[in-house]
Structures are given as C-alpha cells and as structure tokens.
Amino acid sequence: MECLMLVILTLQLLPQSQLLSVTNSEGKMLKTQPVLLSEMKAATPLRRKKDKRKGSIAKPGYQIQVNGVLYDVSDTDPRTPLAPFLRFMLFLPGTKAMCFESACGCCAVLLEYDDPINPGKKIVKSVNSCLYPVGALLSLKNHQVITIEAVSSFKESLHTVQKRLADYHGSQCGFCSPGFVIQMLALLKNNQTPSVQEVEDVFDGNVCRCTGYRPILDAMKSFAKDSDPSLQGSLIDIEDLKICPMTNQPCDQKFTTGPVEGGNTLLYAKFGMKWYQPRTLEQLYDILEENPKELAKLINGDTSKGVYKGVYFDVNIDVKGIPELYEVTMGPDGLKVFSNVTLTSLIDYLKLYSDQSPSYNALAEHLLKIANKSVQNIAGWAGNLMLKWYHREFISDVFVIFEAVGAKLTIGNRNGRETYTPLEFLSVKMEGKVILCVEIPKLKENEAMNCYKVMPQTQNSQPYVSAGFWVQFKTSSGSKLVKSFSMVYTGISDNFMHASKTEEFLKGRDITCNETLQGALATLDKEVIPDDVSPLFAKPEYRKSLALGLFYKFFLSLLDESQVSPRNQSAICPLKRPVSTGKQIFSSREAIYPLTQPIPKLNSYKQACGEIEYINDIYPLSKELFSVFCLSKVGNATIDNIDITRAENWNGAVKVFLAKDIPGANTFMPPPFQVEEILSSGRVLYAGQPIALCVGVSQHYALEMVDVIDVTYKDQEPPIVTLDDAIEKNSFYPLPGKGLIVGDPADAISKSPHHIEGEVRAGEQYHFHMETQVCRCTPTEDGLDVQAASQWLDLAQQAVAGACGLPVKDVNITAKRLGGAYGAKVTRANLVACGSALAAHLLKRPVQCMMDLATNMKAVGKRHGYIFKYKVGFNDDGTLNGVIITYYCDNGSSPNDDEVSTYFGFSDNAYKCKNWHLIPIALKTNRAAHTWCRSPGSKPNIFVIETILEHVAKFLSLDPINVKQKNLYAQGDITPLGFDLPYCSIRDLYSTQLKKVDVTGRLQAIKKFNADNRWKKKGLAVVPLKYCLDWTEGFYLCTVSIFASDGSVIVTHGGVEIGQGINTKVAQVCAYVLGIPVDLISIKPTTAISSPNAGTTGRSITCELNCLGVKNCCEILKERLSPVKATLPPGTPWKDLVAACFKAKMNLTAQYWVSPDPNSKGVPQYYSYGVTVAEAELDVLTGENQINLVDMLFDCGESINPAIDIGQIEGAFVMGMGYWLMEKVIYDPDTGEVLNAGTWDYKPPFSKSIPINFNIELLKNAPNPMGVLRSKASGEPPQCMSCVTLFAVKRAIEAARQDIGKDFYFPLSGPATVNEIQANCLVDYKDFSI
Ligand SMILES: Cc1cc2nc3c(=O)[nH]c(=O)nc-3n(C[C@H](O)[C@H](O)[C@H](O)COP(=O)(O)OP(=O)(O)OC[C@H]3O[C@@H](n4cnc5c(N)ncnc54)[C@H](O)[C@@H]3O)c2cc1C
Ligand code: FES
Ligand code: FES
C-alpha cells in the first residue's frame, strides 16, 4: 500500500533554502551558526551525507513526520520554530507566518500524536507553528504535523472545509485562509458535530483584516449541527476527516516516531546549547543536577517566547515525554493536575468536574480568556506561573485565579517535594526545581468565588486588570458574615497582589449591609495604588476603578437576588454575546450573468488550499540573500557614527549598506515628491527611520546583524512626538492646497441663535496587512526583475530606477497579488522595493527585503492622526448656519502623502450648510511619515461633521437622529466645493432606513433598558453617508488578447489584486461583453510591461476603471470580430469564430488606455449614499462594550459582483470599527518610537469584535448612470459610516452619565478604547450600593 511506504528525507537533500545558505558574497564557506536562534554559539552547517537518499533510515529519535513524510532533524537546531522550517526547509509555504507571536493564526498547523497517558487515544490539535520548536516534536509519540498542503489540493480535490470557505466568500487576499481552514479542521477532528457557538469560539486567535469575519464564520458555521438553515451547509462527512496526507485518501496509517526506548536523554549538545528529552521524573532531576549552574528551560508549550522574546537558555529540557507530569486526579479535596497538562486540557477537566464545585466553571471560563485556542492547546499552566516568577510585572491570569481559589502548588527536586501557595511560590528558589502539580480545592458549602478579566478586546488579549475573589462565610446556614476573604489582583503593580487591608476589613462583617460595602470600597480605594510605569498600560485611575468595580460585581453576586436593588443587578453579569448573525440583502440580474452574479473570487479556492504564492512564499533562488533595515532608536538627531564592523563580520553576514553606498538618488519617493531617504544620510527624523541595510544569507542572520550595529548620535533635540506639541511649536508644513471658504461663516455663526465650539481627535491606525512589506529583486541580463508587493507599480519602478541609477526601462516590475495592503503599499512599499533593489543591484544577487512586524510598525507611517477644532452656528432646530473647522493633521516626518487639504469633498458628509470655512493644517512631527489608509481623509472628515451634529443636538437637548435628518441634502443641492447633487437620494434613504429598522421602537426599548439598569447601558446612533467618487488620476492600460488556437482569453490591466476582487470583476466584465464563460479567461499579473505608467490601486476607483478599460477592449474586439461573425452560421461556437477571425488575419488583441479628463480633477463622477444604524451595549463599571446590531443600507449601484461588494463593505466597516473602538498606536513620549509594535499591545478586531447582528442591504433598482456598467464603488465608502459604532457607544455613556446628573456634552475621540470609554462614564465607587 502506497501509504505504508516509509519515506525518509534528510534535509540536506533539499535545495538550498534561505535557512541553509552558508556562503558569503565571495562564495567563501562560512563557519555558520545554527539557524534561526540568536543564542547560537557553536556552528554546524547541515551535514551533507552522501549516502542519505530517499528511502534510507533516519536516526531513530530524530525523525519528525510532516504530511506523511519522515524527516531527519538530527542536524537541525531543535529550537528552530516550525513555521520557517516548514516554509523554507520543507518548502511547504501554504503555512503562512506574520506575527511570530502566536497571535494572528496564519501559521496554524494540525498536530496529531499519541495521548501520553491514554493508550490508544490520539490527540489532534491546532498549533501555531511560528513559536513551536521543531525539537519539541521529538518527544511526541507517533506524531504527525499536517499542513494545509496535505489537507487537499486545488488540482485534485478540494476539502469540504476549503471549498466552503471559498464558496461563502470567506477569502479575500487569502493570506489568513489556510490558518482558518486548519483551525476548523482541528475543531471538526475533535468534534464532528459542533454547535455554532463552538465554531464561533474557536477562531479567537485568527486575524483576518479583509473580510470582517462574517463570511468566514458563516462558512464554518455551515458545518454546525444547529446552524441556521439559511447557511445551507451540511455536517462534515467523517471520511473527509480521515485524510492520509500522502495519498489524499481516507487512511489511518501512521509511522512510528517519538522518543526511543532507553535512548539517551541528551538529544543535542551543539548549537551552543543542550537539549534534553527526559522520559521520567528521575531523569529530569538528574538533568537538573547535572546542570546546576544554569537556569534550565523546561519546554512544554514554549509559548512564553511570544511574550518575552529573545530569552534563550543554555539548557533546554523537553518535559513532554514524562508521563507522570500528565496525571490528573479528582479527589475529595479537589482537582490535582500535573504540570504538563495544557491550558486546554485543564479547561476540559474543570468543566468535566464542574458539578463537584461551582468554582470550576468560573476558573475554566477565565482560562478560556488566556491567549487563544492554538496557544491554550500547547501552553501549560505551569509555564504561565513561571513567567510570573521570572517577571513580576507579568499579568498572569493563572496566578490570580489559583491564588484566589486557594490552590496549592507542589514543587519538587531530587530531595523532595514542598507545597506552597502561588504567592509563596514567587519567593521559592526555583533553580533545579520543577513545578509538579497544582491542587485546586473544591468550594465548600459556605464558600464562594469568582474571577474577572477586563481586557482591551473580547478575545486574545492580556488583561488591563484581572481579579479573583474568594470568600468564606462563618456558617453554612445562609449567614453572610465573612470569615475570610481573598482578593487577588494583577495589573495594578508588580507587588500588589492581595488587597490585604480590605480582606482584613471584611473579616467578620455582614455583607448584606451597605456599610460593609462602603467600608470595603473605601479601604480598597486607599490600598490600590496602580503604578504608572509605561505608556503601554492603561491609566492608573482606570485600573484603580476596575479594581473597585470588579470587587463591587463580586460583592453583589454574593447577595440573594432579593437583597440587591433591581437596577444594581446589572452590575453582576458580564455582557452576553450571543452567536453572531447577519443578513446580506442584494439583487442581481440573471439575464446579464456573469455580470451582477455573486460568484466567489476566482482565486479563492486556491487561496483556501494555501496554493497561492505571495512573494515570501517563492522558493529562494540559488544565492538569494535577505535584507533587513536597521532602524534608528531616536528621532530628531544626527548620526555621529555607525559602526558596522561587528555586523559585517557576523556569521551569515554578506554586507551592510549605508546611505553613502547608494549609487543613485537616496530617496524612495521619486520626483516630484519630496525626498524621503531610503537610508538616513545624517539627520534622523524619527525613531524607526532606516539607517542601514543589513544583508545576510538568511532573514534570521540579517536580523541578527541589525542587533550588533552600534550607532551614536549628536545634535539630539527633543523630538516632536504629539500633535499638541506640534501645534504648540508651530511645527507645520506648507500646504499644497488651500483652505475653503464658502459664504461668510464667521458672520453666519455670530448671527446664529446658538453657537458652540469644540475639539475632537482621531488617532492613527496601523494597516495590519497580514503580508508585511516585502519585495524581491533579481538582477538579470535584462535589468532588474522586481517582484513588488506594491499598490503603485509605476511609482515603485521609478523609485527603484532612481535609487539604483538605472533607466526605468531596465526595471521589470511585477505584482501578482498582495496579502493585504489597505493603502500601506501605495507609496510606502517603495522603501522595501528600494532596499531589495539596491542590495540586488550592488551585490549582483537576488535579494529579498521583508519587514518583520515590529520593523513594519516602527518604520512605516500609519493612517494620519488628527485634532479637529470647530465653531458652529445653528438654529433652534439644529439646522446649520455656519461651520468653521480647523483640521490639524499629522503628516509625520514628510508631507508626501498629505491628505488634509485634498478631502474637503467629504467635510460636509450629507449635510447642507451655506457657510463653511475649512482650514487645513499639516503638522510636522518626528514620527514616520503617515500615509494612505483605506478611506483616507474621508473617514476623519466625516467623523468630525458627525461629531459636530451630535454636539449641536446635545446643546439643544434634541435627538441627534432628528437633527441630522433636518440638515440632510436634497436633490439638486450644491456642496461646499460647488458641485451639484443631481441624483441625491440621502433623504429618502435616511427615512426609509429609520422606518425599516424601527428606530423609534428601538429607542423606546433602549430607554426602558437604561432606566431599568444602572450598570449596563445601551445606545443607538445613525450615520448617513454621501461619498464622492472622482475618477481623476486613474490611469490604467488594459489589454485583452484572444488566443486563436482555443479561444481562451488573457487580460492584463493596471490595477493590482490586493484582495478586493479586481481580477474577478474584470473577468466577469470581459466574459459578459465577449459573451463567453468566465473560465475561458485568465487575468495575468500586473506588470509595468503590460501596463506601464499605471496609476495607483486605491481610492476605490481602480476596480471600476479597469473594468471600464477591459469593457472597452472587449467592445473593440467584438466590433472587430463582427464582420467575420456575420459570415458564419448563427450559433457558431466562440472557438470557431476566433479561429475564423485569425484566419482572416485579424488582430485578436485590443488595448484601452483609461485616462479620465485631467481637467476634471476633483470633479465627482458620482456620489454613493448610505445610512447605518448601530446599537451598542456597555458595561459601565469596566468599559467593555459590544455592538449588538448594525443595519446598513448602501447604494452600490448595480453591483458587478454583489458578493464581492458585500465582502468589501463588511471588511471596510469592521476595519473602521477597529479604528474607532480598538486600535491605538502608542508612542514613546521621549523618543517617538512606536511602543506597541506587535500583537501583544496592538489589537485589530477579532472575530468576536464584529457586530453581533450585522445586516447589510444593497439598495435595489439603483443603476448608476454615471458608473461603469451601472455600478458603484464599495471598497472605501462604507467605512466612513463605521464611526456610528463610536456614537452608539457614546449614547450608552451618556445614559450612564444621566444617572449621576452629569449628562452634559463631552467629546469622544477615536479610538475610544475600553479604558477611555469607562473613564467617560465618570464612575465613582461612592455611588456603588446594594
Ligand atoms: C499570544 C499569547 C497571548 C497570551 N495571553 C495571555 C493572557 O492573556 N494571560 C496570561 O496570563 N498569559 C498569557 N499568555 C502567556 C501564556 O499563558 C504562557 O505563554 C503559557 O502559559 C506558558 O506555558 P508554556 O507551556 O508554553 O511554557 P513554556 O514557554 O514552555 O515555559 C515557560 C517557562 O516556564 C518554565 N516551566 C515550564 N514548565 C515548568 C515546570 N513544570 N516547572 C518549572 N518550570 C517550568 C520554563 O522553564 C520556562 O522558563 C499569552 C501567551 C501568548 C503567546
Ligand atoms: S505568525 Fe504564528 S500566530 Fe502569527
Ligand atoms: S482574506 Fe483574511 S487577511 Fe486577507
């Protein structure tokens, strides 16, 4: 049988990969360090044993099994993370990698192995391969790693999960898709009939920036036993889950892998470290004794690397092969769990025994909030505690709940075992010792406990504050006299763990008395003194308020329902988030299919299989090198000296380039843009600016080289870090555009019955494209081949040519597809393009330049941040008379991507006013130059006018919904820019939507809810939209060629496929006009050869303009073909028609240059309209909130592909929600460096951040007379309505403030993160009562 064949490959048989390259630029063999890890002292190139061939036997105990193939890893550094090993050593690039922090999920693989304590049972789980070390597989008996490549293949047969993901439109750029598929398979392999809730819960660690999650969740929920019939799925077939990766057939075959009976425990003694694999506790003690000096690392999940990076140990002991450490027993006193038990298993056991103690469920629920499923699947509770032991500031959830519940830890070494409380354990000398087990006591009848975690996001987040409370009452006969109270916190300060004074205060008190509560709160208020040591932490006042609020929640939960006032009962329970749902309502016209047909994205099936290649997936060429930017750590200084000696002599180093080495122009922004240096030539403008380019034989070596570059600075001046600083210091750029004055706003305001002034802010946003900035250049006989992840090839081509001193014709630039972009790769992609081009050009070797997440977040600017100041005059009914807005927009260190003066077309949104003064001010700060980000300019501009209308309404004590309605434009009105609105439908849309979703009824229900509940509040807001689309600066060359031999068609266009579905829409248009099936058409990668001088892919117009170009090409061809067609019998097949035309010597290629009239610059082609209603719910005590409902009505014209457009709308809206409610960029106040440059502190929306009920309707019967084939754009406009979520939350905050008589106007700036929201609720513990 084929799958019985034992195939062993040794890694040295593989072609040279980025990890294996061991020569320097002179071709000299280097003494290599072991790959990947920075603690590499010894050096061993991979052995090249001549006798190792396919079919030979690998060293026993050193075999790992991946997709049914065994590999010998005896010469691989066991610490090498699995993801790069799979991608570059086994060439399995379907597994992606981005964050290397175990927090984005794109690197997930399936891991199967024998259950160490239940013979015959197999464990199957998802694991994030970016942290999991290769060597850790060796202790797992009969293990197998299954990557996306083995799930199935596009060419052969798609796996049902992959097919459904694509069918349900769950893959846009596709970078995240393999991770979602793997995660779902892991769930199904363990539970063939999951519930929708279980499906929704499982994706807590998978980030998708494109889709807005809904279509992914729908696809996966279609496998659930209780799924909504509208999802039309079916349960998974058991056969689909028994896939043999070798044959793609159902198959149970497994190879024998894992530890060798009686084998040596020391598996590796090279690479500058020792790696042990004990099989018994005794052996573990032996190893610890043998290595008394070092603090050894015990490897269980090895996930702590995701939290504390770059911490390596000389002695690594993989403890997973010790069966004793997996034991779990439920005894009369409680649950005893040994230290190899993972968080997932611990959760399962706690749930299993939840009938034994009510606390077990609470503990399980809390543990579920640690990290995400893939981390929980391998991470141990003991490792978590050890993090707390090493790093007192670590916000350990395990510590809090174990300490609160009175757990006992047993610590052992050869000399015996001791038992400690978690608190005592922190002071134990752990050298040479092991955490053996924890005993989690059952709650006694007279005891109660609960635990709480408040975090910036509902999933995958570390806490602001976690707390665990336990109480013992004096008797069990219903008395509420406290005998003992335990209050444990994390997130307050390094040393504040127990609120001891409050615990003491509570002893002997009756908790049914308000005085007890007040006394305890007052004591707690005094003893909780949060530290203020890092801008990354939420403000001390908030953390203190949480400490009090969480205690209050627990206190009330101890009382009988009848003892707590009905309104205060709302404090007790957390927000309930049901499974999310949503409707997508659209129409399509079958008569004109494939136009308007909601077909899945053409490549989505391949994407779901991981078979789509992104730049970093391409197997490195022979002698390919890797380059990494070294960034400045300070801003506003001059480089005094850069010492690159150590870096250039570093193993694996090839060269370090400095500004002086650049042969052409040192700018990645070609003229007429202002110079932005590729490498600083002296003055450093911001912390994060590239100052050197390190080139090495692998990405890893290049990154190491960065660390050993020594830089000194002079003329250091305090950087301008904040917008306020810039305003205060008049640090402004001259503006390319002027302000706008219409009428006499000052006069109109002064003569108005009412006028107000205000200020509001909107922060920056990191694009969070899953594929970080990357480019790959190869010198060829024909110039430089550039594979760029760029949204603007023409500009990148010019930049590369300029930097290398080459004519543009010698730069052959291509973009096949991008793994997300959202504007970040319009101009900023030039930086990596120039980096890789320079190195390739100068070294005459292929060079890749890829930014790791931290470099990307530090070196590249974000969405522009703003301060808006306004003055408004208005009438009694809220109608506007005059508006003056000053837009202080932070451009950072360069004004190249300035947006402040070019988006005044959005300043009015949908509101009419006769008098406007719009004043743009571009701030110059010492931050990376900010850049385009999905809906640039429009999103902030619409937010400020919405804020103004809300402010006006509050001032007049009117409902903002009505005030907005009064101000809406009518057909034929003129905008401040002087354009009329010929097809303006906003008034109709607004009233229709209000009625349709019963806003009046809902407002009444909310009013009642808010009156009934003191500590939970709801709010509803409405935001309308007028979005103007102009087509100027959209230049694209489109070419359609028909092959005479078979009638198939190739299309090239000037846009770049960034996940927005441009290729699919273009193919649909082409098929429609030529009258042929879509599958006859192939859309080829975008190149400067096929589409030179193309404009950027952005502003939502690229799709429609390239559709226009292709439509025109097809019409030219159709007309050209028609004389021959007329001579053929009706119904002649397309293939024959084409052949006949070719025979008639006809040119079967047509080109069209889309170039809208340059004189119409800024003149709107058409307007999009929409209305969104959102409802939010808020926990006043914590600031946690959720969007319960979003109903959007959007005018998309006659959509070319409604499924793609809905995908764009949802993705844009959720990205917008992230901006307004979650994502905050935090800068070092002293240096301006981005501090939260990673997933630990920067949180994009996850799958449970989306609206719980998310309904989208595309306006029916709304052909756009001014659009391409009657369509309208969808990529950006809907995002501008996402501020409705912030306003809905604001309404809820207002309701909370009403209760304390403080319902006056306050601005709510974005992002309104959980802590900011709670701060605005003005919670005072003195208002807490029973
Ligand atoms: C993305 C992400 C999010 C996270 N979010 C949270 C969060 O919200 N809250 C939270 O509390 N934590 C969080 N964590 C931390 C996580 O819980 C820990 O990384 C994990 O529990 C560590 O377990 P491990 O088995 O992987 O430990 P390892 O990484 O294998 O080991 C960690 C340390 O523990 C030591 N060790 C392990 N086992 C033993 C033992 N039996 N005896 C003595 N020493 C031992 C090791 O020597 C090592 O020093 C997060 C981690 C990640 C990656
Ligand atoms: S790369 Fe592994 S989780 Fe992000
Ligand atoms: S499709 Fe999910 S990140 Fe692009």
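Look above for the structure.
Here the structure is a predicted model, which is why all the values come from computation and not from measurement.

Peer 1: Describe the site of ligand 1, listing the residues and the values that go with them.
Peer 2: For ligand 1, the set of nearby residues contains 34 residues, the closest of which are Leu 298, Thr 303, Ser 304, Gly 380 and Asp 397. Between a nitrogen atom of ligand 1 and a side-chain N or O atom of Ser 339, the distance comes to 3.2 Å. The contact in question runs from an oxygen atom of ligand 1 to an N or O atom on the backbone of Ile 395, over 3.4 Å. Within the complex, the protein chains bury 98% of what would otherwise be the 980 Å² of accessible surface of ligand 1. The element contributing the most residues to the shell around ligand 1 is helix 11 (residues 381-390), with six residues. In terms of residue class, the shell around ligand 1 is built from 17 nonpolar, twelve polar and five charged.

Peer 1: I'd like to hear about the sheet that holds strand 28 (residues 710-714), residue by residue, with values.
Peer 2: Across a sheet, paired strands are connected by hydrogen bonds in the backbone, their directions being either parallel or antiparallel. As summarised here, the arrangement of the three strands in space is 26-24-28, forming an open sheet in which the pairing is antiparallel. A strand with exactly one partner marks an edge of an open sheet, and here the two such strands are strand 26 (683-684) and strand 28. Relative to strand 28, strand 24 (residues 637-643) runs antiparallel, the two sharing five bridges. What sits directly across from Ile 639, in strand 28, is Tyr 713.

Peer 1: Tell me what's going on with the sheet that holds strand 10 (residues 273-276), and back it up with residues and numbers.
Peer 2: Read from one edge to the other, the open sheet built from four strands follows the order 9-10-12-11, with strand pairing classed as mixed. At either end of the open sheet lies a strand with only one pairing partner, and these are strand 9 (266-270) and strand 11 (297-299). Mean inter-strand twist for the sheet, computed between neighbouring axes without regard to direction, equals 15°.

Peer 1: Please provide a residue-by-residue account of the pattern of salt bridges, values included.
Peer 2: Within this structure, the stated rule accounts for 69 salt bridges. For Asp 75, the salt bridge identified is with Lys 270, shortest N-O distance 3.2 Å. Of the two residues, Asp 75 sits in the loop between strand 3 (69-72) and helix 1 (82-89) while Lys 270 sits in strand 9, which places them 195 residues apart along the sequence. Residue Lys 270 is classed as partly exposed on the basis of its relative accessible area of 23%. Salt-bridge contacts for Glu 764 lead to Arg 927; the nearest nitrogen and oxygen are separated by 2.8 Å. Separated by 163 residues along the polypeptide, Glu 764 in the loop between strand 31 (754-762) and strand 32 (774-780) and Arg 927 in the loop between strand 38 (915-924) and helix 25 (938-956) bring together distant segments of the chain. Of the residues examined, Glu 764 reaches a relative accessible area of 8% and is grouped as buried.

Peer 1: Tell me what's going on with the pairing of strand 20 (residues 482-493), and back it up with residues and numbers.
Peer 2: When you tally the buried positions in strand 20, you get nine out of twelve residues, the bulk of the element. Where strand 19 (residues 465-473) meets strand 20, eight bridges bridge the pair, whose relative direction is antiparallel. The residue of strand 20 that forms the bridge with Val 471 is Phe 485. Looking at chain direction, strand 20 and strand 21 (residues 496-498) are connected through two bridges and run antiparallel. Pairing of Ser 493 across the sheet is with Phe 496, part of strand 21. If you look at the hairpin formed by strand 20 and strand 21, you'll find two residues sitting between the two strands.

Conventions and cut-offs
Residues numbered from 1 in each chain as written. Chains lettered and ligands numbered in written order. Predicted model: local features only at pLDDT ≥ 70, side-chain atom pairs only at ≥ 80, totals over all residues. Heavy atoms only, no water. Near = heavy atom within 4 Å. Polar contact = N/O pair within 3.5 Å; in protein donor to acceptor, adjacent residues only side chain to side chain. Areas by Shrake-Rupley, 256 points an atom, 1.4 Å probe, with all protein chains shown as cover. Helix = DSSP H or I, 4+ residues; strand = E, 2+ residues; numbered from the N terminus. Nonpolar A, V, L, I, M, F, W, Y, C, P; charged D, E, K, R; others polar. Pairing = 2+ DSSP bridges. Axes fitted to C-alpha atoms, helices over the stretch in contact; angles between N-to-C directions. Salt bridge = Lys/Arg side-chain N within 4 Å of Asp/Glu carboxyl O. Buried < 20%, exposed > 50% of the residue type's maximum accessible area, 1.4 Å probe, protein only.

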